[in-house]
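Summary of structural features
What follows is the residue order along each chain.
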Amino acid sequence: MFRSRPPSTYGAFRKHPTWFGIPFVLLIVAASFGLEKLTQTRYDLQASKVHEMTEEDQLKLKKNRKKIDLREEYFKLQAQPGEDWEPIRIPRPKGVPEWGVPPEAVLEDANKK
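What you see is a predicted model, and the numbers here were worked out from it, not measured in a lab. (Residues numbered from 1 in each chain as written. Predicted model: local features only at pLDDT ≥ 70, side-chain atom pairs only at ≥ 80, totals over all residues. Heavy atoms only, no water.)

As a further point, take the packing of aromatic side chains. Tallied over the entire structure, the rule returns one aromatic pair. Considering the side-chain rings of tyrosine 74 and phenylalanine 75, the 5.6 Å spacing of their centres and the 65° angle between planes classify their relative orientation as edge-to-face. Owing to a relative accessible area of 47%, tyrosine 74 belongs among the partly exposed residues under this scheme. (Phe/Tyr/Trp six-rings, centres within 6.5 Å; stacked < 30°, edge-to-face > 60°. Buried < 20%, exposed > 50% of the residue type's maximum accessible area, 1.4 Å probe, protein only.)

In the structure shown here, the tally under the stated rule is three salt bridges. A salt bridge links glutamate 73 to lysine 76, with the nearest nitrogen and oxygen atoms 3.7 Å apart. A residue pair is termed a helical-turn pair when its members lie 3 or 4 positions apart in one helix, as glutamate 73 and lysine 76 do in helix 4 (residues 70-78) at three residues. Residue glutamate 73 is classed as partly exposed on the basis of its relative accessible area, which comes to 31%. (Salt bridge = Lys/Arg side-chain N within 4 Å of Asp/Glu carboxyl O. Helix = DSSP H or I, 4+ residues; strand = E, 2+ residues; numbered from the N terminus.)

What follows deals with the confidence of the model for the protein. The pLDDT averaged across the protein works out to 78; a share of 79% of its residues lies at or above 70. Put simply, helix 5 (residues 103-112) is where the protein has its lowest mean pLDDT, 62, and helix 2 (residues 18-49) is where it has its highest, 90. (pLDDT = per-residue confidence, 0-100.)

Right, here's the structure in full:
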């Protein structure tokens, strides 16, 4: 009773499939070249941000460097207000020596697997 009709472009597609295939392939190729240009621009921009330091810049950095003393930094950290902490040693599990797992036990565990 009701017959479905294919779209009007269906007949043209059946007779001349290249009319639709060639423009599609050209679009894919053109997009590939366009994306290549965009990607190259991106990498050029990143490369322009990174450059080698001249000897003059290195000397400026060395001149303005602040000397650091570990003891001084330690006392600064201890002098910070509101931090009431002290290092507390946690008891080790039974059977574990003071300096960690002995190498023999590690090898035995590896051999068991």
